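# Tertiary structure, described
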Amino acid sequence: MTGPIAIYVDADACPVKDETYRVAARYGLHVYVVANSFLNVPREPWIERVVVGDAMDAADDWIAERAVAGSVVVTADVPLASRCVKAGATVIGPNGKPFSESAIGMALATRNLMQDLREAGTITGGPRPFSARDRSAFLGALDRAVNRIRRGTA
């Protein structure tokens, strides 16, 4: 790793922003909260709100352009996760599940299949409700990811 660890949060619908701030505060990391519209964020010098406008995928593009090895991206967006994994970033979903090079292809295929089914009129339900267990899993995954990057083993 060549610079400080940065955390990029795909923030518009992210349920774990507060958990991200807690981990970042513990390790002294900079957090970029990236959204298409204004979001309230704590007034801390290490938390930066980035409003990118309402263009399609503007937040994704902003994050993907900056995600590098040694950075962490928090997103549930599979195409964004794929772009960031390919750039060498550590990518974690809000449920704590990491996106990896070996699994991103299957995640993209599943996402595309589900999108095709929805467009064809098939009712696919949706994701299960976000739970306290998901929140806890995210905290642990982010903490482990930061420690792996700090040790140089990410």
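### Brief notes about the packing of helix α1 (residues 17–27) against helix α5 (residues 132–151)
- Running from N to C, α1 and α5 cross one another at 30°; their axes reach a closest spacing of 10 Å. The angle between the axes of α1 and α5 places the two elements in the roughly parallel class. As for how α1 packs across α5, the hand of that crossing is right-handed. Across from E19, T20, R22, V23, R26 and Y27 in α1, the residues of α5 making contact are R135, F138, L139, L142, D143, V146, N147 and R150.
- In terms of residue class, the contact of α1 with α5 is built from six nonpolar, two polar and six charged.

### A closer look at α1
- If you check which residues of α1 are buried, you get K17, E19, T20, Y21, V23 and A24.
- Of the surrounding elements, those touching the buried residues of α1 are β1 (6–10), β2 (30–35), β3 (47–51), β4 (72–74) and α5.
- Where α1 terminates, the next one or two residues include G28, which has phi positive at roughly 70°.

### Some remarks on the pairing of β1
- With five of five residues buried, β1 lies mostly within the body of the structure.
- Here β1 pairs with β2 via five bridges, running parallel. Bridge assignment links V9 to a residue of β2, and that residue is V33.
- Handedness of the crossover joining β1 and β2 through α1 is recorded here as right-handed.
- Sheet topology note: the β1/β4 ladder contains three bridges and is parallel. Along β4, the bridge assignment pairs Y8 with V73.

### With respect to the pairing of β2
- Of all the six residues making up β2, five are buried; the element is thus mostly covered by neighbouring parts of the structure.
- Pairing analysis gives five bridges linking β2 to β3, with the strands arranged parallel. Paired with A35 across the strands is V51, a residue of β3.

Reading the values: rules and limits
Residues numbered from 1 in each chain as written. Predicted model: local features only at pLDDT ≥ 70, side-chain atom pairs only at ≥ 80, totals over all residues. Heavy atoms only, no water. Axes fitted to C-alpha atoms, helices over the stretch in contact; angles between N-to-C directions. Helix = DSSP H or I, 4+ residues; strand = E, 2+ residues; numbered from the N terminus. Parallel < 35°, antiparallel > 145°, perpendicular 65-115°, else oblique. Left-handed = near helix turned anticlockwise from the far one by under 90°. Contact = heavy atoms within 4.5 Å. Nonpolar A, V, L, I, M, F, W, Y, C, P; charged D, E, K, R; others polar. Buried < 20%, exposed > 50% of the residue type's maximum accessible area, 1.4 Å probe, protein only. Pairing = 2+ DSSP bridges. Right-handed = clockwise from strand over helix to strand, strands pointing away.

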